[in-house]
Amino acid sequence: MVRMPEKELRFTRSRQAAGYGLLGAVFFGAGVTLAATLAYRDPQPEISDGLWAMAFFVLSFACIRLARYLVRHAYLILTPLGLEIFPFFFPAKNMRMVLWQEILDAEVSKDGKWLTLHFTSEKTSGLHLSLRPIQRKFRCLLAKAVLGRVSRQGI
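Residues numbered from 1 in each chain as written. Predicted model: local features only at pLDDT ≥ 70, side-chain atom pairs only at ≥ 80, totals over all residues. Heavy atoms only, no water.

Colleague: Would you mind going over the overall build of the protein chain with me for this structure?
Modeller: Looking only at helices and strands, the protein chain has four helices and seven strands in total. Sequence-distant contacts, at least 24 apart, represent 51% of the contacts inside the protein chain between residues at least 6 apart. By element, 63% of the accessible surface of the protein chain is carried by carbon and sulfur atoms, the whole surface being about 10,100 Å². (Helix = DSSP H or I, 4+ residues; strand = E, 2+ residues; numbered from the N terminus. Contact = heavy atoms within 4.5 Å. Areas by Shrake-Rupley, 256 points an atom, 1.4 Å probe, with all protein chains shown as cover.)

Colleague: Explain the side chain of Thr-116 here, please?
Modeller: Looking at where Thr-116 falls in the secondary structure, it is placed in strand E6 (residues 114–118). According to the relative accessible area criterion, Thr-116 is buried, its value standing at 10%. In this view, Thr-116 contacts Asp-105, Ala-106, Glu-107, Leu-127 and His-128; residues no more than four positions away in its chain are not counted. (Buried < 20%, exposed > 50% of the residue type's maximum accessible area, 1.4 Å probe, protein only.)

Colleague: What am I meant to see in the pattern of salt bridges here?
Modeller: Opposite charge on two side chains makes pairing possible when the charged atoms of those side chains draw close. Counted according to the given criterion, the structure contains three salt bridges. One salt bridge connects Asp-105 with Lys-123, and the closest N-O pair in it is separated by 3.3 Å. Within this pair, whereas Asp-105 is found in strand E5 (residues 105–108), its partner Lys-123 is found in the loop between E6 and strand E7 (126–130), the two being separated by 18 residues in sequence. You can call Lys-123 partly exposed: its relative accessible area is 41%. Between Lys-123 and Glu-107 there is a salt bridge, and its shortest N-O distance comes to 3.6 Å. Taken together, the residues Lys-123 in the loop between E6 and E7 and Glu-107 in strand E5 connect sequence positions 16 residues apart. (Salt bridge = Lys/Arg side-chain N within 4 Å of Asp/Glu carboxyl O.)

Colleague: I keep staring at the confidence of the model for the protein chain and nothing clicks. Help me out?
Modeller: Do not read the predicted coordinates in detail wherever pLDDT is low. For the protein chain, per-residue confidence averages 87 on the pLDDT scale, and residues scoring 70 or more make up 88% of the total. Within the protein chain, helix H4 (residues 136–153) has the poorest average pLDDT of any element, 87, and strand E4 (residues 96–99) the best, 93. (pLDDT = per-residue confidence, 0-100.)

Colleague: Looking at this structure, I do not really get the packing of aromatic side chains. What am I missing?
Modeller: Two measures describe an aromatic ring pair: the distance that separates the ring centres and the angle between the ring planes. Scanning the entire structure with this criterion turns up three aromatic pairs. Consider the rings of Phe-28 and Phe-57, whose centres lie 5.5 Å apart with planes at 55 degrees: the pair is tilted. You can see Phe-28 sitting in helix H1 (residues 14–37) and its partner Phe-57 sitting in helix H2 (residues 49–72), a full 29 residues away along the chain. For Phe-28, a relative accessible area of 46% puts it in the partly exposed group. Classification of Phe-57 by relative accessible area gives partly exposed; the value is 26%. The ring centre of Phe-90 lies 6.0 Å from the NZ or CZ of Lys-93, which sits over that ring. (Phe/Tyr/Trp six-rings, centres within 6.5 Å; stacked < 30°, edge-to-face > 60°. Lys NZ or Arg CZ within 6 Å of the ring centre and 35° of its normal.)

Colleague: Where do I start with H1 in this structure?
Modeller: Since there are 3.6 residues in each turn of an α-helix, residues three or four apart along the chain are aligned in direction. A rise of 1.5 Å per residue sets the reference length of H1, with its 24 residues, at 34 Å; its end C-alpha atoms lie 35 Å apart and thus fit the reference within 8%. For H1, every residue scored as buried is listed here: Ser-14, Ala-17, Gly-24, Phe-27, Gly-31 and Thr-37. (Expected span 1.5 Å × (residues − 1).)

Colleague: Help me understand the sheet that holds E5, please; the structure alone is not making it clear to me.
Modeller: Two pairing modes exist for strands in a sheet, parallel and antiparallel, and in both the strands are linked by backbone hydrogen bonds. Strand order in the open sheet made by the three strands is E5-E6-E7, with antiparallel pairing throughout. Only two strands of the sheet have a single neighbouring strand rather than two, namely E5 and E7. Taking each pair of neighbouring strands and ignoring which way they run, the sheet shows an average axis angle of 15 degrees. Strand direction decides the pairing type here: E5 and E6, joined by four bridges, are antiparallel. Bridging from a neighbouring strand, Val-108 pairs with Leu-115 of E6. (Pairing = 2+ DSSP bridges. Axes fitted to C-alpha atoms, helices over the stretch in contact; angles between N-to-C directions.)

See below:
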């Protein structure tokens, strides 16, 4: 959409990705443990430990793929045109573009977990964005960039 991608700031769901990566590693460890028990223990007649191990390997693969996806794809992109917001489910289909001209004011909650964009001067319509998917060290950079852009716009 932007002809000069070097002028955009991308923020991914990296904080969520870390949790899914850790969960994938735990599932992988459980799968390896169950698979290793096949070497010294008789399998149960009802269901084999090998099948349980495969289930954990599949869960591990799914979690690691999801973590990779979350790190590689954007959650918020700040462009010269505006703010692009990508939801968790169907991001290409449900992407929302908010132009800088639409945003009259912006504020960040005291705990730094919410970004509120106001579209009217009465602050009756707007958009609340959760900053929890973004790592803490990048939240302040996002807030500084959005607040700086909105305050410059009023000049």
